Amino acid sequence: MFGDLFEEDGDGFSSTPGTGVKGRESEPPPPRGKVKLCGIKNQGGTCYLNSLIQTLLFTPEFREELFNLGPDELGCLADKAKPEAKVRVIPLELQRLFSHLLLVDELTASTTDLTDSFGWTNNEEMGQQDVQELNRILFSALESSLVDTSGSSLIHRLYHGTLVNQITCKECGNISERQEDFLDLTVSVRGVSGLEEALWNMFVEEEMFEGNNLYRCSRCDQLVLAAKSAKLRKLPPFLTISLLRFNFDFAKCERYKETGSYTFPLEFNLRAFCEQNNWPDSEYSYELFSVIIHKGGCYGGHYHVYIKDIDHLGHWEAPQEEEVKIKAKTQRQEAKVGESKKESENCVETEDPLSVLTGILAQEESKCVLVDQLGQKLMNKTGTPWSKKYKKQYGTISKFLQNHPEVFMLVSNGTRVALKNAVPAATDPSPTEPVSSNSAKSNPENTKPETAGDTEGPDGCHWFDLNDSTVTSITLKDIEKQFQGKESAYMLFYRKTAMKRPPEAIGNPAYKVPPHLVEMIQEENARVQQRRAEFDASSNSIEVRLHLAPHYHCQNGALHPTAPGEDSIITVTFDRRKTVGDLRLAIYQMQDLWEGDMALTLAKNVPAGLHLYDTLTDDQMSLYSAGVCNGSDLFVWNGREVSGVAVLTGIEWEPVLLTVLRPSAEELGCGDESGVGDTDGSGLVRSMKGFAGGATLSTVLEALGPQEALLCQEQSRPGASGGGASGWRVFPPQDMQRTLRELSLKDGDTVLLLQPEELDRSIFSLNGDMVTVTTPSDCRWLQVEFCPQSGMKEEEEEEQGKKKSKVSASGNMLLAEVKEKALQELRLQDELSGVECCLRQMDRSGKLLPPVHEHLSVRDAGIRLMTSLYLCPGPVPTATQLFLYFSVTLTPLVGKELEIIVEESLTVKECLKEMLQMARLEAFLSPGESWHLRRVDWCEEIGEPLMDETASLKEAKVIHGDTLVLVEGRLPPKGYLKLSVRMYMDMIPSSSVPELNHTAESQSIEGLTTVWSGSEMRFIGYVEISEEASLDDLKTQVMTLPALQDVCVPSPAFLRVWLLECKKPARILRGNQQTLRKLKLGNGVEVCVQRLMKEEDLGLKDLLLRVHMGVPGEKAYYPSEEFLWDAGRDSTPKGLYAALAFLYGLTPDNLLLAKHLPDKHTWMPISNWTQQVSKKKKKRKAESLQAAPFYLKDGDIIGVKNLLIDNNKEFTTLEDEIGQQRLREENHNTRGQTPTGECSQDSGSKKSGSTKNRKPEVALSINVGVFR
């Protein structure tokens, strides 16, 4: 069904990129293709609707009956908004759609207005539906819409038939019968070879009631032998047959599509199946005129339709595979009539390609052909392709068309070609004008050709394939291909052969179309034609800027105007379909004083100036083919020089604009007498120079200065490192012969030019091939702010906290000097005499960073100039000392962070003692208890312990500014883990777990209990265990905790261990013999144990889910139950559906599943639908529920709906709705408040409105008003 959802609407149209060509949104709809029939756009999933609409359109009797209903009966669409007006919208929209499909000169039509009249939303337009169901619903809607009109019996007269079911008693001959009405016959496909056999089984063969299945006769009043049969009593003019292609396999519990061979005739007689057999043969004879085809499987696919053109409205052309056969046979027949005359004509015509192509275009009704199809038409006419006969002499066919602009005209971005002087023939029928039978007979295209016998029916009518927007010609052999396979017939439409069409309807699309609709279509066609003419003119009109050489001169490797003004540039508007020669002639006419040769060269403005690229030399080439587009620049010159200077053209000579730095005159000590003055105080003079990209570096050096000068390339920007100095690399000698393009130098790159004697200056220093430049602009400032100690009073702190000053500093200045300057400028020498002070930086969160080492310079310390430092009381660490943060808690952010300065040579144990003394924790130390140090990881959580207490801090890789945590307890041995253990409290009484009375533990843990999904988790202690121990060993050690002494756990197999993340269970640890290292358990992780009622040994691929069965008709669920799903066997939605169907004793089609998202209080539906994949396409790997977007894991909640007893497909509960409302309120409160309350409320309403729930899928329906 989504076959051409992303295809372009059009027959061979493509957008050519180029400036000045408008986008497709402004492009008018393309005209009808060569078949002269209109397709229908697919709205996303409406191919089933398109197929049925085309079938009804090509049912002339239905179409004309609908057109006979006037506005006096149906009303007017303009009045549909009026409540008192009874406007029958559906038949009115069908009339407009039919007239559009018949008469509007557009390639496709839209069904948007029709589906809007159905009351459909995006769900129906994008969803997949069944065309057989739509056929019944649409007929029912039409009958309801046409009540109390002359067309109230339209559906009944054309499609209504009756059949009678009879049971005949074999004893007394009594016949019991029951009559049934039908609009379409549903026939079986399974087990039969074709349509005639299926009808024979339905209406000829009798079903016997015998044995244990006797029939009770009302006359005999006893069980007797009887025969059951059915017959057709009334035959409709149009017989619709629906094929039961889809069945259900009860063994596999899945649907499937019947793809075996199932034949159906083009014509057949129903006499044998009717109750009455004395009617004329014409009453029983039917012919096929439409076949709706389904391509795909039972869960998805695409519809299109084969239709017989009864009224000869389309122009049929043989498909490509049939063209050769038809052409050969036609040529043989024509050769018998006048072979010599044909040979003489072809001999002259085929030698001249101009006359051949002109003849082909003259025979086209639209006088316009796709360039891609022109070669095929040439081969059909001459029997020889262009590439073999003309390409060697004339080039490609596109080039040949461009070289003859006086004859051919390229339109639609160069994709179509038409004759320049062609005008529509007076005899060609317009889509809006009726075509008489005489004109249809005289038109050679409507005359029946002598072709192969399988291209048309016996009545001369041809078949077409209407596939949404695409309409193509087909043969009778294509119909036979739909007998079987994934792409096969799904609905058959027959009409009585006795129904003949009037001669005036043949070839006349306007036949019986109401005058008001014809007038509306004529206006629409006029608007479309005007849009096409305007678009064609605007698409091919381009603006070109002409640059005249007399107004330019060469500078910096590029061209620049001699004097600023508009005389140097002339903007002209030109048709891009014209040739270069035409443009050259126009310029000659504008420039009367031009003398000598004139060359036109494509130019482009680059940073260095105007550069020339390709010269247009072929005067016969169109501007479009030459690459001239809207906004192009053309340089008009003699092709050799500009102002006496030779100009190099081409991409390889494109100039590069470099920034050249030199020492200023003041820096060199020249004053104003020589050199160039310093303009910005940096000591360097900046100038812009342009050079050709193909020039070598030695050429650049020669142009800039003497050969002994050093040319350097910038490596780091000023200010990129502390102090603001910049680094430059000297180009090595081997680079001097490389071009600027090879060196990857681009516009704006900076080079430094230095004389060897200039390296003695203070601002330049050479180290190897690197030159460091410290300019006067680097000597800037640092802002120092006094940060008083925490013990001061608030008044003093506010007064002193305002003290800050800018201190002049440079990158080479020592930080000790910066501190001295700050004390002087802040006038704090007396106040802080005898008090140690240090300089510290502050991060974005307001936290003071470690003190800087004052023996370092500003640059070496990595401090940027023009930033802030804080002068704080406290010692200054020396070069061998470390400044460390530490806290006394399991969570660093909970306790107060302390600071300490220690020697880096101290051992870990000595550092621990000093930290304990500073934290005053000696009193808490008791015999047998100890403390140890742990690191803090990147997410500011407890990390690995410092295992080697005898190693120095430097050996332990503790660096300046690290944060450590003091943890109470012995240091776990190397290779051991310390795990925090919690336990579910829903299965054991709280009294069984003793209250914990450990002060350190109660202080270090954020609450001893955690609630998760209605179950309480309580902390029960720590476990120290080797990382090489197994999961079974961990369970055994957990059972020895004091909190579980009174809990009955028979063996470790009765415990389930969860790994906690963010205080919530994340996954179950499985594999009792797996080591904790392989289970990826680290120090400090939390686990939760759960007591089970039976032993458990989960497999590695097993998933433990919590399943909730929905309460029928309520927004609630039964209590949950654990469900163990083997995801290793089949982790797809299909596998989960099958497993739960087996659990509940249902079929997968009767279940509906969804995953609960507790954080969002929403449910994510799990679909059991899988897309059918063609054998030719690579089969995609089945999507696993453990991957995106579901990420199914242990403990997830799965909601289950039993569709047999529960019609509510919505999973949301009342608790979910309350939670969603609470989330919306929280989001509204946390948003930034606007100045006025009204704006805040409006924005909140918009946000909440965008999060509405999706509606559940519903059956297909059409909304109809009441007209009784």
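None of these values were measured; they are calculated from a predicted model.

S.K.: Just to check I follow, could you spell out the overall build of the protein for this structure?
M.R.: Scanning the protein from N- to C-terminus turns up 30 helices and 58 strands. By sequence separation, contacts in the protein at least 24 residues apart represent 71% of the contacts at least 6 residues apart. Carbon and sulfur atoms provide 50% of the accessible area of the protein, an area that totals close to 65,200 Å².

S.K.: Before we go on, may I ask you to explain the sheet that holds strand β3 (residues 161-169) in this structure?
M.R.: Across the sheet, 4 strands lie side by side as β4-β3-β9-β6; this open sheet has antiparallel pairing. Only two strands of the sheet have a single neighbouring strand rather than two, namely β4 (175-182) and β6 (207-209). The average undirected angle you get between the axes of adjacent strands in this sheet is 25°. Bridge count between β3 and strand β9 (residues 226-234): 8 bridges; the pairing is antiparallel. Looking at the pairing, Leu163 lines up with Leu232 of β9.

S.K.: So what exactly am I meant to see when it comes to the packing of helix α2 (residues 60-67) against helix α4 (residues 89-103) here?
M.R.: Between α2 and α4, whose axes approach to 10 Å, the crossing angle comes to 120°. Judged on the interaxial angle alone, α4 and α2 are oblique. Note that α2 runs across α4; the crossing there is left-handed. Facing Phe62, Arg63, Leu66 and Phe67 of α2, the residues of α4 in contact are Pro91, Leu94, Gln95, Phe98, Ser99 and Leu102.

S.K.: In this structure, what is going on with helix α13 (residues 371-382)? I would like to understand it.
M.R.: Since one α-helical turn is 3.6 residues long, residues separated by three or four positions face the same way. Under the 1.5 Å per step criterion, the end-to-end length of α13 is 17 Å for 12 residues, consistent within 8% with the ideal 16 Å. Among the residues of α13, those classed as buried are Val371, Leu374, Lys377, Leu378 and Thr382. Relative to the axis of α13, the buried residues are bounded by an arc of 115° and lie together on one face. In the segment just after α13, Gly383 is the residue with positive phi, at about 85°.

S.K.: It is not clear to me how the pairing of strand β37 (residues 770-773) should be interpreted in this structure. Could you clarify?
M.R.: It is a general feature of regular strands that their side chains alternate between the two faces of the sheet. On β37, burial follows the alternation: Val771 and Val773 on one face are buried, whereas Met770 and Thr772 on the facing-out side are not. As judged from the 4 bridges shared by strand β34 (residues 726-730) and β37, these two strands associate in the antiparallel manner. Within the sheet, the bridge partner assigned to Arg729 lies in β37 and is Met770. Bridge count between strand β36 (residues 764-767) and β37: 4 bridges; the pairing is antiparallel. Note that in β37 the partner of Phe764 across the bridge is Val773. Hairpin connection, β36 to β37: the antiparallel pair is bridged by 2 residues, and Gly768 has positive phi, about 70°.

S.K.: What am I meant to see in the pairing of strand β20 (residues 470-474) here?
M.R.: With 5 bridges connecting them, strand β19 (residues 463-467) and β20 associate as antiparallel partners. Paired with Phe464 across the two strands is Ser473, which belongs to β20.

S.K.: Would you mind going over a nonpolar patch on the surface with me for this structure?
M.R.: Taken together, the side chains of Leu214, Leu223 and Leu225 define a hydrophobic patch exposed on the protein surface, amounting to about 230 Å² of accessible area. With respect to the secondary-structure elements, Leu223 resides in strand β8 (residues 222-224).

S.K.: In this structure, what is going on with the pattern of salt bridges? I would like to understand it.
M.R.: Opposite charge on two side chains permits pairing when their charged atoms draw close. All chains considered together, the criterion is met by 42 salt bridges. Glu64 serves as the salt-bridge partner of Arg501, at 2.3 Å between the closest nitrogen and oxygen. Separated by 437 residues along the polypeptide, Arg501 in the loop between β21 (487-496) and α19 (515-540) and Glu64 in helix α2 bring together distant segments of the chain. Here the two residues Arg501 and Glu64 agree in accessibility, since each one is buried. Between Asp1206 and Lys1201 there is a salt bridge, with the nearest N and O atoms lying 3.7 Å from each other. Residue classification places Asp1206 among the buried positions, given a relative accessible area of 2%.

S.K.: Would you mind showing me how to read the environment of Leu815 here?
M.R.: Inspection of the secondary structure puts Leu815 in helix α24 (residues 815-826). On the accessibility criterion, Leu815 (0% relative accessible area) is buried. Along the sequence, Leu815 and Leu839 sit 24 residues apart, while their C-alpha atoms lie 8.2 Å from each other. When near neighbours in sequence (up to four residues on either side) are disregarded, Leu815 contacts Leu839, Val852, His853, Glu854, Leu856, Ser857, Val858, Ala861, Ile863 and Leu869.

S.K.: Teacher, can you tell me more about the side chain of Ser632 here?
M.R.: Within the secondary structure, Ser632 sits in strand β28 (residues 632-637). Overall, Ser632 belongs to the buried group, its relative accessible area being 10%. At a separation of 2.9 Å, a polar atom in the side chain of Ser632 contacts the main-chain carbonyl oxygen of Cys629. Dropping the residues within four chain positions of it, Ser632 is found in contact with Glu543, Val544, Arg545 and Gly627.

S.K.: Would you mind going over unusual backbone geometry with me for this structure?
M.R.: Phi is mostly negative for residues that are not glycine, and the peptide bonds are mostly trans. Cis peptide bonds are those with omega within 30 degrees of zero, and the linkage from Ala1188 to Pro1189 qualifies with 5°. Checked against the element boundaries, Pro1189 lands in the loop between β57 (1162-1166) and β58 (1197-1202). Of note in the backbone geometry, Asp468 takes a positive phi value of approximately 55° without being a glycine. As for its position among the elements, Asp468 is in the loop between β19 and β20. Positive phi, close to 60°, is recorded for Lys957, a residue that is not glycine. With respect to the helices, strands and loops of the structure, Lys957 is situated in the loop between β46 (942-945) and β47 (963-968). A relative accessible area of 68% places Lys957 in the exposed class.

S.K.: What is the right way to read the sheet that holds β57 from this model?
M.R.: The strands making up a sheet are joined through hydrogen bonds of the backbone, oriented either antiparallel or parallel. Ordered in space as β55-β54-β58-β56-β57, the 5 strands form an open sheet in which the pairing is mixed. Each end of this open sheet is capped by a strand with a single partner; those strands are β55 (1121-1126) and β57. With direction set aside, neighbouring strand axes in the sheet form an average angle of 40°. In this structure, strand β54 (residues 1102-1109) lies alongside β58, joined through 4 bridges in parallel fashion. Residue pairing across strands places Val1107 opposite Ile1198, the latter belonging to β58. Against the sheet, helix α28 (residues 1133-1144) engages β54, β55, β56 (1151-1157), β57 and β58, with an angle of about 130° to β55.

S.K.: How do you make sense of the packing of aromatic side chains when you look at a structure like this?
M.R.: One pair of aromatic rings is described through two measures. These are the centre distance and the angle between the planes. Throughout the structure, instances matching the rule amount to 26 aromatic pairs. Between the aromatic rings of Phe139 and Tyr159, the centroid separation amounts to 4.7 Å while the plane-to-plane angle is 40°, which identifies the pairing as tilted. Here Phe139, found in helix α7 (residues 131-145), pairs with Tyr159, found in helix α8 (residues 154-159); they are 20 residues apart in sequence, far enough to count as distant. Judged by its relative accessible area of 3%, Tyr159 falls in the buried class. Taking the centre distance of 5.8 Å and the plane angle of 35° together, the rings of Tyr159 and Phe238 count as tilted.

S.K.: Looking at this structure, I do not really get the nonpolar core. What am I missing?
M.R.: Among soluble globular proteins, nonpolar side chains are generally buried collectively. If you look at the biggest cluster of nonpolar residues, it comprises 68 residues, and the most contacted ones within it are Ile53, Phe62 and Phe98. Ranked by residue count, the leading element in this core is α4, at 8 residues. Counting 36 residues, the second largest nonpolar core, distinct from the first, contains Phe182, Leu185, Val189 and Tyr286.

S.K.: Help me out: how do you make sense of α19 in this one?
M.R.: With 26 residues, α19 should reach 38 Å at 1.5 Å per residue; the first-to-last C-alpha distance of 38 Å fits that figure. Taken together, the buried positions of α19 are occupied by Leu517, Val518, Ile521, Asn525, Val528, Arg532, Phe535, Ser539 and Asn540. Looking at the buried side of α19, the elements it contacts are α2, α4, β22 (541-548) and β25 (569-575).

S.K.: Help me out: how do you make sense of the environment of Thr878 in this one?
M.R.: Within the secondary structure layout, Thr878 lies in the loop between β42 (868-873) and β43 (881-887). The class of Thr878 is partly exposed, set by a relative accessible area of 37%. Sequence-wise, Thr878 and His853 are 25 residues apart; in three dimensions their C-alpha atoms are separated by 6.5 Å.

Rules of the game
- Residues numbered from 1 in each chain as written.
- Predicted model: local features only at pLDDT ≥ 70, side-chain atom pairs only at ≥ 80, totals over all residues.
- Heavy atoms only, no water.
- Helix = DSSP H or I, 4+ residues; strand = E, 2+ residues; numbered from the N terminus.
- Contact = heavy atoms within 4.5 Å.
- Areas by Shrake-Rupley, 256 points an atom, 1.4 Å probe, with all protein chains shown as cover.
- Pairing = 2+ DSSP bridges.
- Axes fitted to C-alpha atoms, helices over the stretch in contact; angles between N-to-C directions.
- Parallel < 35°, antiparallel > 145°, perpendicular 65-115°, else oblique.
- Left-handed = near helix turned anticlockwise from the far one by under 90°.
- Expected span 1.5 Å × (residues − 1).
- Buried < 20%, exposed > 50% of the residue type's maximum accessible area, 1.4 Å probe, protein only.
- Arc of directions from axis to C-beta.
- Patch = residues over 30% accessible without salt bridge, like charges linked within 9 Å, V, L, I, M, F, W, Y side chains within 5 Å.
- Salt bridge = Lys/Arg side-chain N within 4 Å of Asp/Glu carboxyl O.
- Polar contact = N/O pair within 3.5 Å; in protein donor to acceptor, adjacent residues only side chain to side chain.
- Phe/Tyr/Trp six-rings, centres within 6.5 Å; stacked < 30°, edge-to-face > 60°.
- Core = buried A, V, L, I, M, F, W, Y, C linked by side-chain atoms within 4.5 Å.

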